[in-house]
Each structure stands twice: as C-alpha cells, then as structure tokens.
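In case you want the letters, here they are:
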Amino acid sequence: MCTGRVDLSFVLRAFSKGADGVFIIGCRLNECNYITHGNFHALSMVHLCKKLMEHIGLNPARLMIEFMSGGEGILFAEVMDDIGKKVNELGPLGKAEGIDEKALRAKLEAVTQLVPYIRLVERERLRIPFKSEDEFDTFFTSDEFNRLFNELIVDKLAISQIMLLLRERPLSTVKISEILGLTPSEVSRHMNSSSRQGLVRYDESRKCFALA
Amino acid sequence: MGRHPNIEVLTYTEVDSVEGEAGDFKVTLIKKPRYIIESKCTGCTTCVEYCPVKYPDQYNQEISDNKAVHVYFAQAIPLITYIDESCLYLKEKKCRICEAVCKNNAIDFNQKLEKVEVNVGAIILSSGLEPFDPKVKEEYRYGQFVNVVTSMDYERLLCATGPYQGEILRASDMKHPHKVAWLQCVGSRRVTPGENSYCSAVCCTYTQKQVILTKEHDAEAECTVFHNDIRSYGKDFERFYERAENLPGVRFFRSYVSIVKENPETQSVTIRYSTPDEGVKEEEFDMVVLSVGLNPPADVQGLANKFGIELNAHGFCKAIPSNPMETTRPGIFVSGAFQGPTDIPESVFTASAAGSQCGELLDYRRGELSKERIYPPERDVSQEEPRIGVFVCHCGANIGRIVGVPSTVEYALTLPNVVYAQEQLFSCATNSAQQISDLTKEKGLNRVVIAACSPRTLEPLFRDTLREAGINQYYLDMANIREHCSWVHAKEKEEATQKAKDIIRMSVARVCRLKPLQEFDLPVNKTALVVGGGIAGMTCALSIAKQGHEVYLVEKDADLGGTARRIHSTLDGMDVQAYLRDLVRKIYQHPLIHVYTDATIPEATGYVGNFVTKVKSDRGVTEIKHGAAVIAIGADEYKPTEYLYGKDDRVMTNLELEEQIAQGEERVMNAQSLVMIQCVGCRNEDRNYCARICCSNSVKNALKLKEINPRMDITILFRDMRTYGFSEDYYREASNKDVKFIRYEPQDKPQVEAVEEEGRRILRVTVTDYILGKKLAIDADLLSLAAAVIPSAGNKEMSLLFKVSLGPDDWFKEAHVKLRPVEFGTDGVYLCGIAHYPKHIPEAINQAYGAAGRVLTLLSHDTVTASGSVCEVDEDKCISCGACITVCTYGAIEFYDTPQGRKATVNPVLCKGDGLCNSVCPTAAISLKHFADEELLSQIDAAVGDF
C-alpha cells in the first residue's frame, strides 16, 4: 500500500470522528521505491482536501503532509514534535473555528457524500503532470484552480449540504440559507436546479422544500 | 533460515576434518556440549535469572556481564541457552541451581562432546573476520586507558541489546560522553609489525554511521573524526559521508594522531594532532574510539590446514581474480569477509555467488534431498464470529522496558472479540511461534494480532505460524509497538504504554474485518534472459547455463565483451583480454546459450516466471519467453569537458591511456612527465557519488608506466586516494617507486594550460600543495583524467521496459541496498555488474555469480507463489471509466468484454498492491485486498474514537 492509497474519504473519516489533525507521511518525492510515484497523488489529494476544508470553515492547517525517508529518524522526530505543538495550538476541531458540532458533522458528511463526484472531477480536470512540490503549490493557489473549484465543486457541495438538511425535515429557502450561511438567492438557484432534476419538491401547504 | 526445511543449523559446532573430493566430501564435526537439551529448552531464561555466576558477556565485548548459562544474543538461532566453561558445576562440581529451576528438564550435565560425520558435495567457507586487536600496539592505550574503546565496543554500546540497553556510557563513571573522537586506520594501512598493510575498506563508513547514531542519541554531542583518506567509495556512501560531515558539532580532521595521556581525575583522554593552520594541538576527549580494521578469522592457518586450502600473504583465502569464490581446493568455495575485507552488500553477492557455484557442481542431483513443508488443511472460519488472540512481545527488553506489557495484555482482553491474550519474551523465537500456533488451535482462535515489531521483517514468519495452526495466513495483523512505540518513546513510559494500547486497539479493529485470501501458484518458464554481454552478463549467463537452463544473451554491440574490451590488466595482474577471449569462447560453445548481438529490445512484457521479450537483431524480431531477466547493461565513461579534454590531444582519460599503454604508443612510452587528475566528473554536484575504481586504475597505469620507463615523472592529483582493500599495497608500491601524490581540494581544482617553452610544447598543471602550503606548477607531456564511470544512457529505457527503478544518480536500484543487492523490487528481474554501480572486474564477477544464484532460486522451482494482497474489481459497480487503468503504472488492469459491457479486470500477477486505483475509482468498484476501505476505516475509527 502506497501513500497514494490514502484516500480523501480516509481523511474526512478521521475529521468526522473528531481528530484535531491529520498527518500523512510519504516517501520522498521523486525517490519512489517502485515506479508509481504515488506520493504525488497524495500531495494532490491533500491540496484538494485543504481547499474543501477551507470552504466548509475548517482550518486547512489541520491537514499536513510531509515526505521523508525511513533513514531520517531525527527529521521525523522533529516534524512530529512540531506537529504535536501545532495541533495543540489549533485547538479542538470545530470549536476553535466556531462551528458547532452538529453543523460540523453535517458539513463533513456533505463532503464525504461528494467524494465519488470529486474523484471524477479530479481525474477529468484537476490532475496535473507536475513533479515538484512547488509546482503543486503554484497550481493549487492559482486563479485557474480557484475558478475550477468554484465552477465544479462549490455548487455541488452546497446541494449536497442542502440534501442532508432536507433528509431530516423539510425546510424553507430562508431557513436553509440561515443554516448554511448562503444567500437566499443562491439557495433558490440550487432548489430550482434540484427540483428540475427531480431531487426535491416544493410542499405548497407548508411552504417548504422536501426530498422528492 | 532457522525454519527452512532444507537447512539444518548446527551451532556450537566445529569442523574437525575434511576428507574426500568435490562432489563427495566427508566432514567430521565436533558438536560441543551445550548442556541443554535443544528440543526441550523453550528459551524462557529462568535458568539465566537464577544462575549465580557472573561472567563477562562475550557478545557485548565483555563490557557488561552475563551468566554462565545464557543465550548468546537476543536474535540467536536457536534462541535457547547454553552453558559455558565458567559454570560452577563444570568447574567445581557444585551449584546445579539451573537444573532445579528448569521446568522443562532441559538441562543435562551429562552431555559429552559429540563427533558427527556428514556427507556433502560442496563446502562454502564463510568464516568471517576477526576485528583487529589494538592491544598488540601499546601506543593505542587500549586496555590501559579505560575510556579508549574499539569501534566494536562502541557498536555494542550503541545497540539496544548492548551492555547498557542502548545507552552510551563511559566505563569510568557511567556517564554519557559528550566529546567523542574516532581514530581511523587502527591496524590498517600500516606496515608496522602487528598491523596490516591493507585497507580494511569498511571503517570510514562505519565510523560515519557511528557518528550519526551518536548524534541521534545526543543531539548536543561533539564528534571528531581523525582520518587519513576518507574512503566512501560504496553506493550512496558519498552522500552518507556528507550527511555525517554536515551535522552540527561534527568535525573531520585529516591528521595522524597520538594518544597522549589520561586525565587522572576524569579519565578523559588527550589526543595530539596537527592542523594545517595552527600546527600541532592537544585536545581532551571524554571517549576515544579506535576504528579497528578487519583481520582474517582467528586461527586462520589451522582453518586452512583443516580444509586443505591456501591463504594469501595477508592470511585471507587465496583467490583468483577471475573467480573470487574459488579456493585452491575444488569443491570448496568461499564467501564473505574471508575473501578479504568486504562490506555487507559484497558479502551477500559472494554468498549467493558461492551458492551458484555449488549449484554448477551439484546440479546433476539437484532436489534429491530436499524436503517440503507440509501444512495442515486450512479451517474455514469465514462464517464464525471473530475470535481474536493477542500476543504481546517483550522483544527481550526492547519493548518490555518501556511499554508496560502486562497492562497491554489486560487491556487487549477488554477489546471486542478478543478471547485470548498473553505476553511473550520473543514472539519470533521458534518456541514462541510454536506456542502461538498451539494456542490458536487450543483456544479456537480464528484471528491473531501480534504486538511486536515492524511487519517488514517478521510478517512472513507469523503468517507461516498461522498456516501451521490451520488458519488462513491473512487473518494476521501486526501491531508495531517497537519501532513505532518503545524505540521512539524511551523517556515516556506511561505514554508509550498508552500508545501501545492504541496501536493494539487499531489492530484488533482491523483484524476483525480481514478476509481470508488465497495465494496462487504460477508456472515458471525455465529460461533466462540476460541483457548485456559484458563480463558480468556473460559470467552470469554461463553460470545459469551450467545449471541446465537455457539462456538468451542479448548484446547491443556487434561483439561481446563490453567495457572490458578496453581494459588490459587489473591491478593484481590479471590478463583481462586473455580472460575475455576465453569467456567469449565458452559462451559461444555452450549449447544452452543463444547470443544475439547488434540487438535491441523493443518490447518486454509479462511477469515473474512468465516474461515475453522481443529482441530485434539482424535475424529479425525474435520473441523470447523466459522466467527470469538479468540486467547487466554496464555503464559509460564520462566524456570530460574540463582540463582541455577534446581540445588538446595530449589530454586523455584513464581508459584511453590504458589502451595506449597496451598498444605501446610511442608518445606515452617516451613521455618524460605525466600527470593524472582524479575525480573528474564525479564527487561533484552533478554526480554526487564516487566512481570507486578510478584511484586503483590510476595507480595501475602509473605502475605499468614505471615498469616500462622508470624515469618517467608521474604525479597523481587526488582528493582522497581510495585504493581500498588489498589495492592499498599497490598504492604504497607506487609511492615507493616515486610516483608523486598531491592532494587537492574541490574548491581549488588544478588548472591546466597548454604552453610552449624553449621550443617544447607542454601542459602546465598548477595545483596547491597543502603539505608544502604553496602553489606548484608541473610541466607535463601528457595528462590523464580519471573520468567517472557514469550510468549508461540506456538505463532509463531499460527501467521502463522491465519496470524496475533507478536511484538518485540513475544507477539501477536494487531491492535492498544491503540485503538484496542483486535483485530488483520487481520480481523475477535481477541485476549485476557496473549497471548497479561502478566496480572492479572481480567485484563484477562476484555479483554476476550472485545474480545467477538468485536466478536459479527462481528457475529451479516449477512454480512461483503470487501474493494474495492484490486488487480486484466488483464488476457490478464498475462503470468502465478507465480511471484505474490510467493510474496503474504496472499495466496490471485492462478492460475486457462481459455480457454486461466492458469491465476492468486485474491481472493479479502484475498488481503490486500500491492501491492507487482504489483512491481514483468513483464507484469504489476496485479494491485492494487486505487493505480494503472497510479494513482501513475501521483502524481510523479505532484510532480516533468517537466525538
């Protein structure tokens, strides 16, 4: 099993279970013991996951990745000490960010639901052939990436969150926008497209949206 | 090895005599009484606890004490006790406490010396070496100053199973030394009586290792190494040297030293040394480590007489360069350091190489005596509730002294589905493994967690243990509470114990989810393909063919021979061209070897035991089916861009000079003055490695020239002369014959200009002489550059074809630098010669036979077993998007047509189990068995707990 096997869903699972930090260690970049260089896949996943965390209001610094070899014991110890300190400083997950526990769970659940879709998008639009950490940094902080992220993922994530809310009980547009911190017009847009796809229906009598 | 059905291990046994001849030796062995009945002893060491006799521990260099009855060392095979001559009963007929406390009645004082006769076809001498004893020279003050220790003593001090459990302590005050000095070349490179003239070849690098480990023990430690040349000539050693040198508080001084005095109060030791800037200085150190060299094994003459073999002038086994594994007595081979000073990878080459030569000798009756392991039938437990057994290992004191093992056992019993838990001293000991399999049967366990060390080394053993118990071997999980816990949390016992519990909880969670997996047997095609027809490739091909296997030998050039065609002699006088002619003739004459010259390989597919490779030559394209492949494609010579090379025809490379010497070129024969510059094109930023062979080659050329024209002025400009091993004698000879050696620093390289003076065209070489402390100008007729050996341009292509990897300098990367140096991570593909790293001809021959030995291990079997932990596709979920196919670098996944449409399918033999496909599959249709989502998620859940 390679670092590249470390899945977005694993990281989300750890946060869902209340981990305050997740740290991934891979072999040194470009020094793959095999021919796979899967650690670049892990690096890409980490960048994407950080962006998702940021989007749902979690501090992306809670997710970390480092590359080192089995011979670098001293480096490993230093890095682990640093990380221990850093995670302590970041404080408890959710609370430090001012998100209540229930909302946090719902947000992480919404992202988790989206994982299959994110995999498709990642392969089609976000896979990059770069071979250095710097190039990854540049790409994932670029306007181009931001644009793709907004275009491909943001709306889907909002809808995913709405669906999870509606699974519990029917809600009005205003209520949804309050809970998710979106503008009512954004929510309306999502509700329109979702009802067109037959995912939700409008309950006239209760003036609420419910799952179809 | 202790568990191999075809290996019988006889410890505490000596060879008495050897009669007979190759193919039929009668060896008389003397089995010394260990006073322990091997079959009854469980290795519990209760007897050791109660034994009243304290005796200096031989294994720990007599630094700490052991008992009269003891286990020799923590990983001994067999892991049982023996009683040595310090025993009170053996000396004075009293005590016998051990007999009383042994619950298994394993002690037997009536054991007598036993003579055993064995009949064997061949013998391999791997008698190893003896560290140099510095007591023979008073000036080392060993045994006189208590804080002067040898590197062997220090090695034990550093070790977790050492005299102070891995703490470095001074014998004088049991305190940690803060300032430590290493003195290099103790017993080596010295012609004074009692010492050795050769270079021991391993000390520079082991000292660097000790420095790095010392800094890991104590980041503030000050480490100083006093050395002559630094000989880090092995693969990746240059980087290792840099790493050690650049650590804070580490100094390397090039200076001879003397040990002056001991501080009467602190017992610290004063050393006198010289510096280029400040002259002679004295400095006090808390501890001084003598980096002792390697001597031949103890009583080597007795050994030689017993086996009827000859020794060389240094007392090591006399070997011929064209086959360093051969002794002077047919049928007796040699491997390891008895050949001469060698490090681990070389010892492994020669071990496998000696094995291959035994194979050549005895192939006609291969397999006649072999036994196979028979396992009980596997019980189907897939429908049962998990019943988990947890075994927590003390690893002697490695785990037990940090982690509260009993409390982890108690904790394990509280975990869901755990029905049994216990502690063990060494879970890996034969008797402990037996206990695990017995208890598994007795308690009806269907899953096992071993909380011990890394699965990397011992997982195969414990899987085997489960098979012995009739349980699928994949129902095992190892909780690594040693490397991941006790070794790194030595100072936090409580937290370490908590962490061990967490790790065990995770393992228990995972083991519940594990599925029984089947490994399967694949047929093995008995043919080998050898790529590269140089000395390594040919030697390897011939050894394989001599053991009855067909070999296809593919060479890109028109002729066989490789780089060796340009080499005429070796330092020890081997006639390379004559040897080469003979080897080529043997290759062409062998009926099982098919040679393709002027050939390329457009395509290679398949997997271990079943490769298909296309070879394109003037015979067209041939498709070869083979079970094993050997990569021996050699290396290239660096074409210098410096020192006027290519601009002035008087500047040449070492290889060009050698050719011109062989041809008797007049301008070379008649030159008045010749300069050689070492380290051209390597040991720099672009190529951060030492090309290993150039120093000896320069000395070889210099000696040749001096023989032809004793009046020729020869100057060698070097950084470190790396004439390691026995080559040191030739370096000394050159120096005695007035070849001048001048050291230069990399930041102040020699300057070369072509000038004309008094009608004579000369090359003026300017260099700073650090001993004289001034610039020298040498007027030379010719300049020879020790141009680096560089990786072949074809390496990249070959690595893609055979799916093998290259290291940071583009040399082929072996599966493990030390332990598996002739094979690749890709099964069925092997490596030898200078494609692996630069090496001398005898070394390439060692490795070539070594690769042949590994190839035979594969080809001599009818089947090979493939792992059960590979990917599989759930076709109902597969949407044939192809994401998995794109991401698989091994080409293990392809589409195939089903009635439900196109679906992905995995070739389990090609799958390496990296699992990248799992994280890209949008429908979770593909799953890596043994590392499936639910197995890993259950571990994450167990690690984090709940909100």
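Residues numbered from 1 in each chain as written. Chains lettered and ligands numbered in written order. Predicted model: local features only at pLDDT ≥ 70, side-chain atom pairs only at ≥ 80, totals over all residues.

**Description of the overall build of chain B**
Part 1 of the argument: Scanning chain B for helices and strands turns up 24 helices and 47 strands.
Part 2 of the argument: The C-alpha atoms of chain B give 31 Å as radius of gyration, which agrees with the globular expectation for 947 residues (30 Å, within 12%).
Part 3 of the argument: Dimensions along the principal axes, computed over C-alpha positions, put chain B at roughly 100 × 85 × 70 Å.
Part 4 of the argument: Residues classed as buried in chain B amount to 45% of the 947 residues present.
Part 5 of the argument: Long-range pairs, those at least 24 residues apart, make up 69% of the contacts in chain B with a sequence separation of at least 6. (Helix = DSSP H or I, 4+ residues; strand = E, 2+ residues; numbered from the N terminus. Rg over C-alpha atoms; globule rule 2.2 N^0.38 Å. Buried ≥ 20, exposed ≤ 12 C-beta atoms within 10 Å, placed from the backbone. Contact = placed C-beta atoms within 7 Å.)

**Some remarks on the overall build of chain A**
Part 1 of the argument: A tally of helices and strands in chain A yields 8 helices and 4 strands.
Part 2 of the argument: Secondary structure elements of chain A occur, N-terminal to C-terminal, as α-β-α-β-α-α-α-α-α-α-β-β.
Part 3 of the argument: Seen through its principal axes, chain A has C-alpha atoms that stretch 70 × 35 × 30 Å.
Part 4 of the argument: Counting the 212 residues in chain A, one finds 30% classified as buried.
Part 5 of the argument: Considering only residue pairs separated by 6 or more positions, chain A has 64% of its internal contacts joining residues 24 or more positions apart.

**Notes on the nonpolar core**
All names here are of chain B.
Part 1 of the argument: In terms of nonpolar packing, the biggest core is built from 203 residues, with V630 and I631 touching the most fellow members.
Part 2 of the argument: Counting residues per element, this core draws most heavily on helix α21 (residues 841-859), at 10 residues.
Part 3 of the argument: Contact partners of I631, with chain neighbours within four places excluded, come to V531, G532, M798, F802, V804, F812, V829, L831 and A835.
Part 4 of the argument: The next biggest cluster of nonpolar side chains, apart from the first, holds 67 residues, and it includes L79, I402, V449 and L476. (Core = buried A, V, L, I, M, F, W, Y, C linked by C-beta atoms within 7 Å.)

**Let's talk about the packing of helix α5 (residues 203-217) of chain B against helix α6 (residues 237-245) of chain B**
Residues and elements named next belong to chain B.
Part 1 of the argument: Direction vectors running N to C along α5 and α6 enclose 40 degrees, while the axes themselves pass 9 Å from each other. The orientation of α5 relative to α6 falls into the category oblique. Once α5 is placed against α6, the crossing between them reads as left-handed. Packed against α5, whose contacting residues are T205, Q208, V211 and I212, the element α6 presents F237, F240, Y241, R243 and A244 at the interface.
Part 2 of the argument: The class makeup of the residues in the contact of α5 with α6 is 6 nonpolar, 2 polar and 1 charged. (Axes fitted to C-alpha atoms, helices over the stretch in contact; angles between N-to-C directions. Parallel < 35°, antiparallel > 145°, perpendicular 65-115°, else oblique. Left-handed = near helix turned anticlockwise from the far one by under 90°. Nonpolar A, V, L, I, M, F, W, Y, C, P; charged D, E, K, R; others polar.)

**A few points about the environment of F802(B)**
Residue and element names in this part refer to chain B.
Part 1 of the argument: With respect to the helices, strands and loops of the structure, F802 is situated in the loop between α20 (795-801) and β42 (829-831).
Part 2 of the argument: Given 22 C-beta atoms within 10 Å, F802 falls into the buried group.
Part 3 of the argument: Sequence spacing of F802 and V405 is 397 residues, and the spatial spacing of their C-alpha atoms is 47 Å.
Part 4 of the argument: With sequence-adjacent residues up to four places away left out, F802 is seen in contact with A604, A629, I631, T826 and V829.

**Description of the pairing of strand β46 (residues 901-906) of chain B**
Residues and elements named next belong to chain B.
Part 1 of the argument: When strand β45 (residues 893-898) meets β46, the two strands line up antiparallel, connected through 6 bridges. Each bridged residue has a counterpart across the sheet, and for D897 the counterpart in β46 is R902.
Part 2 of the argument: The hairpin formed by β45 and β46 contains 2 residues between the paired strands. (Pairing = 2+ DSSP bridges.)

**Comments concerning the domain arrangement of chain B**
Part 1 of the argument: Examined at the domain level, chain B breaks down into domain 1 (33-112), domain 2 (130-295), domain 3 (323-372 + 520-634 + 792-863), domain 4 (388-514), domain 5 (638-788) and domain 6 (870-928).
Part 2 of the argument: For domain 3 of chain B and domain 6 of chain B, the distance between their C-alpha centres works out to 35 Å. (Domains from an automatic or database assignment.)

**Here we look at unusual backbone geometry**
Residue and element names in this part refer to chain B.
Part 1 of the argument: Residue P78 is reached from I77 by a cis peptide bond, and omega for that bond is -10 degrees.
Part 2 of the argument: Mapped onto the elements of the fold, P78 is located in the loop between β5 (69-70) and β6 (82-83).
Part 3 of the argument: A positive phi angle is found at E62, which is not glycine, with a value near 60 degrees.
Part 4 of the argument: Inspection of the secondary structure assignment puts E62 in the loop between β3 (54-56) and β4 (65-67).
Part 5 of the argument: The phi torsion at D810 lies on the positive side, around 75 degrees, for a residue other than glycine.
Part 6 of the argument: Residue placement: D810 occurs in the loop between α20 and β42.

**Thoughts on the sheet that holds strand β22 (residues 447-452) of chain B**
Backbone hydrogen bonds hold the strands of a sheet together, and the pairing may be parallel or antiparallel.
Residue and element names in this part refer to chain B.
Part 1 of the argument: Ordered by their spatial adjacency, 4 strands build an open sheet running β21-β20-β22-β23, and the pairing between neighbours is parallel. The open sheet has two free edges, formed respectively by β21 (418-424) and β23 (476-480), since each of these has just one partner strand. Strand-to-strand, the axes of this sheet are offset by a mean angle of 15 degrees, without reference to chain direction.
Part 2 of the argument: Note: strand β20 (residues 388-393) against β21, 6 bridges, orientation parallel. What sits directly across from V390, in β21, is A421.

**Some remarks on the interface of chain B and chain A**
Part 1 of the argument: Tallying the contact residues gives 27 residues for chain B and 26 residues for chain A.
Part 2 of the argument: Listed by contribution, the elements that provide at least two residues to the side of chain B that touches chain A are α23 (916-920) and α24 (933-944) of chain B.
Part 3 of the argument: Broken down by element, the side of chain B that touches chain A gets its largest block of residues, 5 residues, from α24(B).
Part 4 of the argument: For the side of chain B that touches chain A, the per-class residue count stands at 12 nonpolar, 9 polar and 6 charged.

**Concerning the pairing of strand β29 (residues 610-617) of chain B**
Along a regular strand, successive side chains alternate from one face of the sheet to the other.
Residues and elements named next belong to chain B.
Part 1 of the argument: As paired elements, strand β28 (residues 600-607) and β29 share 6 bridges and run antiparallel to each other. Along β29, the bridge assignment pairs A604 with T613.
Part 2 of the argument: The hairpin turn running from β28 into β29, its antiparallel successor, is 2 residues long, and G609 in that turn takes a positive phi close to 85 degrees.
Part 3 of the argument: Pairing analysis gives 7 bridges linking β29 to strand β30 (residues 620-626), with the strands arranged antiparallel. If you follow F611 over to β30, its bridge partner there is H626.
Part 4 of the argument: Following β29, the chain reverses through 2 residues before pairing antiparallel with β30.

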